[in-house]
Amino acid sequence: MMNPPADFNPPSLSKVMNVRPSIVASLAPVAMLLACLLITLIIDGPDSILSLSPLFLCASGLLGLFITRATTARPWRLMWYGLVKSARQILPAIPILLLIGTLSTTWMLSGTVPLMIDAGLQLLHPRFFLPAVCAVCALISVVTGSSWTTIATIGVAFMGIGTIMGFSAPWVAGAIISGAYFGDKISPLSDTTVLASSTVNVDLFKHIRYMMITTIPAIVIAEIVFLLVGINGTTDAGIISSEMPSALRSTFNLSPYLWCVPAITCVMIALRPNTLVILGVGTMTGFISMWVFQPQVVAMITEQGAIGAIPASLHALMSSTDFNTGMPALDELASTSGMLGMMPTVYLVLSAMIFGGVMIGSGMLKVITMAFISRLRRPGSLVSATVCSGLFLNTCTGDQYISLVIGGNVYKSAYHRAGYRPELLSRSLEDSVSVTSVLIPWNSCGMTQSTVLGVSTLAYAPCCIFNIISPLMSVLIAWVGTRLFRITLIPAGKMAVRG
């Protein structure tokens, strides 16, 4: 995904604000925004989430008006400060989003994704498809350290396989996301894992070992659920057709040499360059393979002579491409949206960034998070507050990186005063922030995966079993798991409570 952000050290609000916002005033804009979002989603459906950018901008404007009224000196300095902090975390995601659009397009038009789909149809049994998808995505994500890369590559192929097998698209997306975020969470190569541990000054591998207490039970439960869903026959036999493999082979030249495209990408991932370099190389190899292996596809999408075909094919990476093979299922599967297809997601990410930045600058976000930690002593209540804060921060800021840094800095002193090891905080942050960001429609993760997989966030969220179980498992272990897993506490006299 992206590189870890810089440390978040907000200045004292008392030095720049005459009036400290109350908890009611701080919650009011968030509650109004969520209410408007909910009403819009109910009226227009889950697919309307990408058109809600004006709502976030209006909410940001009202918050800016509050700052202007609450301060007498340099109110714009506060908003600028918050926007800079928010932009520092979110703006690096924009070129990644655009390159994901081109990567998906070139891998589809080059025949790479169709080749994966054809292999998956031959190797995977429908009853074990969902748990296999979860396991494979988990393995790839552990190796790559990136859930975004995993979902944008093998995840897209699994969506095609699952659709052909007749599985519900939300269930396939849920299995992909569950596995990808499990691997991302426990991988030492993951930026969110590094960020969560470094924010609270915990050794990386100690942090990963401590996460296993909640992560392993969560993924085991998820795999059991996916297995039961597959065994109980959620597929529609009418959709499973022997015509699809032959249609794929008649439309695309499924040469075994196309495996070089994902192989080159895997080599780049192993070399650990910048994410943009990996996606750029993946796009380039896919584009070259499209010309080498799929000249008939190039001729179909460009409708140009040899001279005009190159700029026309480059234009296809930017805009949508439609297929007309006479088989609707294949046409829908092979159609691409290109870089422009990611623009609604980019607009919403930027709008959420502005809202999160103004929330930081106004001091409202700090007031809300501090309210969570008042009068907390027992491990269960402290972890529960951390989990709730993580979900709330993901909702307000629209970005998991900001949420991790703010949550770590706010709760660090509370855990220290209560006598708990920082590993408990770093684990609670990962359980509540890293894995739930993809479940929030306007969070950068939720918007990205929804666009890449072609399934609305609200549709796939109930099927992301691992992402749902993780925060619940964290709270459960904190309340009753100290005797089972021996959560070690720092001796702190009367302040050290074993729950």
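Since the model is a prediction, treat every value here as computed from it, not as a measurement. (Residues numbered from 1 in each chain as written. Predicted model: local features only at pLDDT ≥ 70, side-chain atom pairs only at ≥ 80, totals over all residues. Heavy atoms only, no water.)

### Structural notes on the nonpolar core
- In terms of nonpolar packing, the biggest core is built from 127 residues, with Phe-129 and Ile-176 touching the most fellow members.
- Those residues in contact with Phe-129 that lie beyond four places of it in its chain are Leu-124, Phe-158, Ile-161, Gly-162, Met-165, Phe-167 and Val-172. (Core = buried A, V, L, I, M, F, W, Y, C linked by side-chain atoms within 4.5 Å. Buried < 20%, exposed > 50% of the residue type's maximum accessible area, 1.4 Å probe, protein only. Contact = heavy atoms within 4.5 Å.)

### Examining the environment of Val-455
- On the secondary structure map, Val-455 appears in the loop between helix 22 (444-453) and helix 23 (457-460).
- Residue class for Val-455 comes out buried when judged on its relative accessible area of 6%.
- Separated by 283 residues in sequence, Val-455 and Val-172 have C-alpha atoms that sit 9.7 Å apart.
- With residues up to four places along the chain from it excluded, the contact list for Val-455 reads Met-159, Ala-169, Pro-170, Ala-173, Ser-450 and Tyr-460. (Helix = DSSP H or I, 4+ residues; strand = E, 2+ residues; numbered from the N terminus.)

### Some thoughts on the packing of aromatic side chains
- Going through the model one piece at a time under the given rule, you end up with four aromatic pairs.
- Pairing Phe-182 with Phe-466 gives two aromatic rings, centres 5.6 Å apart and planes at 90°, and the pair type is edge-to-face. Here Phe-182, found in helix 8 (residues 169-186), pairs with Phe-466, found in helix 24 (residues 465-480); they are 284 residues apart in sequence, far enough to count as distant. Neither residue differs from the other here; Phe-182 and Phe-466 are each classed as buried.
- Here the aromatic cluster, defined as three or more aromatic residues joined through ring pairs, consists of Phe-129, Phe-158 and Phe-167. (Phe/Tyr/Trp six-rings, centres within 6.5 Å; stacked < 30°, edge-to-face > 60°.)

### Some words on the pattern of salt bridges
- Under the defined criterion, the tally for this structure stands at one salt bridge.
- The salt bridge involving Lys-185 is made with Asp-431; its shortest N-O contact spans 2.2 Å. Taken as a pair, Lys-185 in helix 8 and Asp-431 in helix 21 (residues 422-434) lie far apart in primary sequence, 246 residues in all. (Salt bridge = Lys/Arg side-chain N within 4 Å of Asp/Glu carboxyl O.)

### Here we look at the side chain of Ser-470
- Along the chain, the position of Ser-470 falls in helix 24.
- Given a relative accessible area of 0%, Ser-470 falls into the buried group.
- At 3.0 Å, the side chain of Ser-470 forms a polar contact with the backbone oxygen of Phe-466.
- Residues in contact with Ser-470, not counting those within four places in the same chain, are Lys-185, Ala-218, Asp-431 and Val-435. (Polar contact = N/O pair within 3.5 Å; in protein donor to acceptor, adjacent residues only side chain to side chain.)

### Side note on a nonpolar patch on the surface
- On the surface, Leu-38, Ile-39, Ile-42 and Ile-43 cluster together into a nonpolar patch covering about 460 Å² of accessible area.
- As for its position among the elements, Ile-42 is in helix 1 (residues 23-44).
- Judged by relative accessible area, Ile-42 falls into the exposed class, the value being 65%. (Patch = residues over 30% accessible without salt bridge, like charges linked within 9 Å, V, L, I, M, F, W, Y side chains within 5 Å. Areas by Shrake-Rupley, 256 points an atom, 1.4 Å probe, with all protein chains shown as cover.)

### As for helix 5 (residues 112-123)
- Relative to the 16 Å expected for twelve residues at 1.5 Å per residue, helix 5 spans 17 Å between its end C-alpha atoms, a close match to the ideal helical length.
- Those residues of helix 5 that sit buried are Thr-112, Val-113, Pro-114, Leu-115, Met-116, Ile-117, Asp-118 and Gly-120. (Expected span 1.5 Å × (residues − 1).)

### Here we look at the side chain of Thr-457
- Position of Thr-457 relative to the elements: it lies in helix 23.
- When neighbours within four sequence positions are excluded, Thr-457 is seen to be in contact with Val-438, Leu-439, Ile-440, Pro-441, Gly-446 and Ser-450.

### Things to note about helix 9 (residues 191-199)
- Within helix 9, seven of the nine residues are buried, which leaves it mostly tucked inside the rest of the structure.
- Within the sequence span of helix 9, burial applies to Asp-191, Thr-192, Thr-193, Leu-195, Ala-196, Ser-197 and Thr-199.
- For helix 9, the elements touching its buried residues are helix 8, helix 10 (204-231), helix 20 (400-418) and helix 21.
- Looking one or two residues past helix 9, Asn-201 carries a phi angle of roughly 60°, positive in sign.

### A short note on the packing of helix 12 (residues 260-271) against helix 13 (residues 275-293)
- Running from N to C, helix 12 and helix 13 point in directions that differ by 165°, and their axes come no closer than 9 Å. Overall, the two elements helix 12 and helix 13 adopt an arrangement that is roughly antiparallel. Once helix 12 is placed against helix 13, the crossing between them reads as right-handed. Contact with helix 12, carried on its side by Val-261, Ile-264, Thr-265, Met-268 and Ile-269, involves Val-277, Ile-278, Val-281, Gly-282, Thr-285, Gly-286 and Ser-289 of helix 13 and no other residues of that element.
- Of the residues assigned to the contact of helix 12 with helix 13, the class counts are seven nonpolar, five polar and no charged. (Axes fitted to C-alpha atoms, helices over the stretch in contact; angles between N-to-C directions. Parallel < 35°, antiparallel > 145°, perpendicular 65-115°, else oblique. Left-handed = near helix turned anticlockwise from the far one by under 90°. Nonpolar A, V, L, I, M, F, W, Y, C, P; charged D, E, K, R; others polar.)

### Describing the environment of Gly-145
- Residue placement: Gly-145 occurs in the loop between helix 6 (129-144) and helix 7 (147-165).
- Residue classification places Gly-145 among the buried residues on the basis of a relative accessible area of 3%.

### Description of the confidence of the model for the chain
- For the chain, the mean per-residue pLDDT works out to 75, and 76% of the residues sit at or above 70.
- The spread of mean pLDDT over the elements of the chain runs between helix 25 (residues 482-485), the lowest at 41, and helix 8, the highest at 92.
- This model gives residues 1-19 a pLDDT under 50, and the stretch forms 55 contacts once residues within four places in sequence are excluded. (pLDDT = per-residue confidence, 0-100.)

### Some words on the environment of Gly-179
- Looking at the secondary structure, you find Gly-179 in helix 8.
- On the accessibility criterion, Gly-179 (0% relative accessible area) is buried.
- Sequence-wise, Gly-179 and Ser-141 are 38 residues apart; in three dimensions their C-alpha atoms are separated by 7.7 Å.
- The contacts of Gly-179, once residues within four sequence positions are left out, are Cys-134, Cys-137, Ala-138 and Ser-141.

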